[in-house]
There are 2 protein chains.
Amino acid sequence: MNISEFAKEAGVSVSAVSRYFNDGYLSDDKRALIEAAIERTGYVPSYSARTVRSKVTKLVGVILPKLSSESIARITEDIGEVLGEEGFELLLVNTSNDYNREISSLELFRQNRVDGVILLAGVITDLHRSLLAKMRVPTIIVGQKLKGFNCVCHNDLGAAYNMTKLMLDKGAKRPAFIGANPEDMAAGKDRRIGFEKAVLDAGLTLDPKFCEIARFSMDSGYEKAKHLFSGREKPDCLFCATDNIAAGAMLYCRENGIRIPEDLMISAVGDSRFDKVLYVSLSSVHLHYKTAGREGANMLLAEMKKTSEVHRIVQLEYDIIERESTNRIG
Amino acid sequence: MNISEFAKEAGVSVSAVSRYFNDGYLSDDKRALIEAAIERTGYVPSYSARTVRSKVTKLVGVILPKLSSESIARITEDIGEVLGEEGFELLLVNTSNDYNREISSLELFRQNRVDGVILLAGVITDLHRSLLAKMRVPTIIVGQKLKGFNCVCHNDLGAAYNMTKLMLDKGAKRPAFIGANPEDMAAGKDRRIGFEKAVLDAGLTLDPKFCEIARFSMDSGYEKAKHLFSGREKPDCLFCATDNIAAGAMLYCRENGIRIPEDLMISAVGDSRFDKVLYVSLSSVHLHYKTAGREGANMLLAEMKKTSEVHRIVQLEYDIIERESTNRIG
DNA sequence: CTGAAAGCGCTAACAA
DNA sequence: TTGTTAGCGCTTTCAG
């Protein structure tokens, strides 16, 4: 059933029906007639026909690298909540960290199809940048800071710095690091810089043998820990870029009689749900993922309303959660 | 730029352009002209205008209760992958276990807007059932079995039965249970029935004091474990409906000097990533979530192609993963 | 294989 | 406040 059939059924004009669904002027009599007819027929207007004319899709595209990641799922959950309240639906693209899918989704969203885009990015390349600059719809980047764009990000550097410092303050002298892809400015590079700065500020030197780069998985953390402990000299504290990496490293430690925190203090970033049930509870930095999601969604909402061209970068702070894995007397 | 402006720019007719984007008959010359013009102008056809005529949205609605759940994220990830290969995008609705949002999304998807729906359901009520029966687009239910509809589900009963049996075979005599909402037929009811059947088959009796119902969270598992151990008689094995519940229960045990598996064997369902890094690695049943996602997506794809009215229920089997938490000599 | 033309269902401008 | 009508940008007959 289309709008004119329905209008006839209701005994009103098509414009009355259109107005009914679009907050236009309408007398109470007509309103009642229409409501009764909806009850009778179950009529629902067509979204696409509406979009053709009005250019409004009520859809927001969300591009993310991996759904089955606790942090990303949390962010996305809150994005959906905020946007849902304003009547927007989420068009989700999971790129599985596939560069090409990221680019092609950006292409897809660049023109029509959605009213706005939220990009949860890992690695941002020049191609990303040039596509982002050409977007026709408001776009928000969550999790990375990118000059000239609207971003909500975390203080990754500070988080890494202070988590590392906490271990060094407790007397650790041979700090080790298992990081993430350095092309990821936030989780990769900034967390590494934070670690390094803390080490240098403590008057220690960076040992390149004590620095590893892992993928975002437990298995990879395990492998890198194995490599870290293969040399003659052993580290006495370890900072990992993510909880998953740390969990993998801890697994290696358990299997190889390395005691935590006695032989090795260990800490990470993420404050995952499982941190406190690990065989030694894991000290970790809590980043405000849910807030990031809400903030990003609200920023997008604001952008979609006005046509302000002022770009903002919002950086969220963090909380250090101390648990057993760093509990050594200095 | 719209199709007629573009057609002029390319030097071809409007229909030629339409055919280019829809695998219609087209000579190589025209094809080349169009491709060159796309290169020049960056023209992309409008999805909504296409949809108005063709009734095809290339969108699939996915309704789920909670994104930040490892199992649901895994299922959704694979749904997206399979559907993405066929050019479908995912319209995601996270209901946060809110009954009303579930109903209203079903309403939303019932008519237009999407070409198909996948429902990852927890609790299915009569209202769900009646709405599902009225769906105008193909709909697949994942995670629950519902007669008369297309479903992909797990053998929750068998999983619970055999996981429990494994503990009883090792000599446990006082089995306890922390389950989920019994209105959830799969994770709640079937897992409970499986547990109970295993207990009875072993010649033991069910002690109602040893049966608790938790929410899907660690905290809730912790609380229920506390309650379980508050009585005079203590259980010697515990089966939990989910890994999260079990992790919470383990936390309680650690804090209260209950040794696992010596004093209490414990096991669950889900095979979460964190199971093997818990302070005692957790025996759990692996359900094939990724396969469920793929299977559900393929089923939907099939339904969207033909108009077959044959409903199928696919039940996936499981793997029992033994770890330390049940490693007691019988 | 091609192009003209008639809609798809709706919104918005306009006249009443 | 209301109804009429001209499109929105595309697909799909239909006649060539």
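Residues numbered from 1 in each chain as written. Chains lettered and ligands numbered in written order. Predicted model: local features only at pLDDT ≥ 70, side-chain atom pairs only at ≥ 80, totals over all residues. Heavy atoms only, no water.

Draft legend 1. Spatial organisation of the pairing of strand β8 (residues 237-240) of chain B. Residue and element names in this part refer to chain B. Burial along β8 is two-sided: the face carrying Cys 237 and Phe 239 and the face carrying Leu 238 and Cys 240 are both buried. Relative to β8, strand β6 (residues 175-179) is paired through four bridges, and the arrangement is parallel. The residue of β8 that forms the bridge with Phe 177 is Phe 239. As paired strands, β8 and strand β9 (residues 265-269) are joined by three bridges and run parallel to one another. Paired with Leu 238 across the strands is Ile 266, a residue of β9. (Buried < 20%, exposed > 50% of the residue type's maximum accessible area, 1.4 Å probe, protein only. Helix = DSSP H or I, 4+ residues; strand = E, 2+ residues; numbered from the N terminus. Pairing = 2+ DSSP bridges.)

Draft legend 2. A look at the pattern of salt bridges. Going through the model one piece at a time under the given rule, you end up with 32 salt bridges over all chains. Linking Asp 78 of chain B and Lys 290 of chain B is a salt bridge whose minimum nitrogen-to-oxygen distance equals 2.8 Å. One end of the pair, Asp 78 of chain B, is in helix α5 (residues 70-85); the other, Lys 290 of chain B, is in helix α12 (residues 289-305), and 212 residues separate them in sequence. Relative accessible area serves as the criterion here: at 42%, Lys 290 of chain B is assigned to the partly exposed category. Across the salt bridge formed by Lys 197 of chain B and Asp 201 of chain B, the nearest N and O atoms sit 3.1 Å from each other. Of this pair, Lys 197 of chain B and Asp 201 of chain B both sit in helix α9 (residues 185-201), four residues apart, which is roughly one turn of the helix. One salt-bridge network, held together by shared partners, links Asp 78, Lys 290 and Arg 294 of chain A. (Salt bridge = Lys/Arg side-chain N within 4 Å of Asp/Glu carboxyl O.)

Draft legend 3. Highlighting the protein's contact with DNA strand C. Taken together, 24 residues are adjacent to DNA strand C, and Ile 3 and Tyr 43 of chain A together with Arg 19, Ser 27 and Arg 53 of chain B come closest. A breakdown of the atoms of DNA strand C within 4 Å of the protein gives sugar and phosphate a share of 60%. Note that a base nitrogen of DNA strand C is positioned 2.9 Å from one of the side-chain N or O atoms of Arg 53 of chain B. Listed by contribution, the elements that provide at least two residues to the surface near DNA strand C are α2 (14-21) and α4 (47-54) of chain A together with α2 (14-20) and α4 (47-54) of chain B. (Near = heavy atom within 4 Å. Polar contact = N/O pair within 3.5 Å; in protein donor to acceptor, adjacent residues only side chain to side chain.)

Draft legend 4. Inspection of the interface of chain B and chain A at higher detail. Taken together, the 45 residues of chain B in the interface contact 44 residues of chain A. Where chain B meets chain A, there are zero salt bridges. The interface formed by chain B and chain A includes 20 residue pairs in polar contact (both at pLDDT 80 or more). Elements with a minimum of two residues in the side of chain B that touches chain A: α4, α5, β2 (89-94), α10 (218-228) and α11 (243-255) of chain B. Looking at the side of chain B that touches chain A element by element, the count peaks at six residues for β2 of chain B. Partitioned by chemical class, the residues of the side of chain B that touches chain A number 20 nonpolar, 14 polar and eleven charged. (Contact = heavy atoms within 4.5 Å. Nonpolar A, V, L, I, M, F, W, Y, C, P; charged D, E, K, R; others polar.)

Draft legend 5. Summary view of the relation of the copies chain B and chain A. Superposition record for chain B on chain A: RMSD 0.1 Å, screw rotation 180 degrees, translation along axis 0.0 Å. Here the symmetry operator amounts to a two-fold rotation axis. Relative to the rotation axis, the C-alpha of Tyr 279 of chain B is the closest in chain B, positioned 1.5 Å from it. By residue overlap, the copies meet face to face through one surface: 98% of the interface positions of chain B are interface positions in chain A. (Least-squares fit on C-alpha atoms with pLDDT ≥ 70 in both.)

Draft legend 6. Representation of the UniProt feature "domain: HTH lacI-type" (unreviewed entry) in chain A in the model. In this numbering, the UniProt entry assigns the feature "domain: HTH lacI-type" (unreviewed entry) to residues 1-54 of chain A. Between the end C-alpha atoms of residues 1-54 of chain A there is a gap of 21 Å, over a span that is 70% helix and 0% strand. (UniProt positions renumbered as here; feature names shortened; annotations may be inferred.)

Draft legend 7. Layout of the sheet that holds strand β6 (residues 175-179) of chain A. Residue and element names in this part refer to chain A. Pairing is mixed in the open sheet, where six strands are placed in the order β7-β6-β8-β9-β10-β12. Each edge of the open sheet is held by one strand with a lone partner, namely β7 (211-213) and β12 (318-321). Sheet twist, expressed as the mean angle between neighbouring strand axes with direction ignored, is 15 degrees. Helix α8 (residues 156-169) rests against β6, β8 (237-240), β9 (265-269), β10 (283-287) and β12 of the sheet, and its axis sits at about 165 degrees to β8. (Axes fitted to C-alpha atoms, helices over the stretch in contact; angles between N-to-C directions.)

Draft legend 8. A look at unusual backbone geometry. Residue Pro 261 of chain A is reached from Ile 260 of chain A by a cis peptide bond, and omega for that bond is 5 degrees. Along the polypeptide, Pro 261 of chain A turns up in the loop between α11 (243-255) and β9. Backbone geometry at Lys 55 of chain A places phi at a positive 65 degrees, although glycine is not the residue there. Residues other than glycine seldom take positive phi values, yet Lys 58 of chain B does so here, at roughly 60 degrees. Take Lys 58 of chain B: it is sitting in the loop between α4 and β1 (59-64).

Draft legend 9. Structural detail: the protein's contact with DNA strand D. Among the 27 residues in the neighbourhood of DNA strand D, the closest are listed as Ser 15, Arg 19 and Ser 27 of chain A together with Ile 3 and Tyr 43 of chain B. Backbone atoms, meaning sugar and phosphate, make up 56% of the atoms of DNA strand D lying within 4 Å of the protein. Between DNA strand D and Lys 30 of chain A there is a distance of 2.8 Å, counted from a phosphate oxygen to a side-chain nitrogen or oxygen. Between DNA strand D and the protein, one listed contact pairs a phosphate oxygen with a side-chain N or O atom of Arg 50 of chain B at 2.8 Å. If you tally residues by element for the surface near DNA strand D, the top one is α4 of chain B, at five residues. Class assignment for the residues of the surface near DNA strand D results in eleven nonpolar, nine polar and seven charged.

Draft legend 10. Quick look at the packing of helix α8 (residues 156-169) of chain B against α9 of chain B. Residues and elements named next belong to chain B. Contact geometry for α8 and α9: axes closest at 7 Å, N-to-C directions at 40 degrees. As far as their axial angle goes, α9 and α8 are oblique. Helix-helix and strand crossings are classified by hand; for α8 and α9 the assignment is right-handed. Between α8, through Asp 156, Leu 157, Ala 160, Tyr 161, Thr 164, Lys 165 and Leu 168, and α9, the contact on the second element is made entirely by Ala 186, Ala 187, Asp 190, Arg 191, Ile 193, Gly 194, Phe 195, Lys 197, Ala 198, Val 199 and Asp 201. Residue composition of the contact of α8 with α9, by class: ten nonpolar, two polar and six charged. (Parallel < 35°, antiparallel > 145°, perpendicular 65-115°, else oblique. Left-handed = near helix turned anticlockwise from the far one by under 90°.)

Draft legend 11. Molecular detail of the environment of Asp 263 of chain A. Residues and elements named next belong to chain A. Within the secondary structure layout, Asp 263 lies in the loop between α11 and β9. Setting aside its immediate chain neighbours within four residues, Asp 263 contacts Pro 235, Asp 236, Gly 257, Ile 258 and Arg 328. Separated by 2.7 Å, the side chain of Asp 263 and the backbone nitrogen of Arg 259 make a polar contact.

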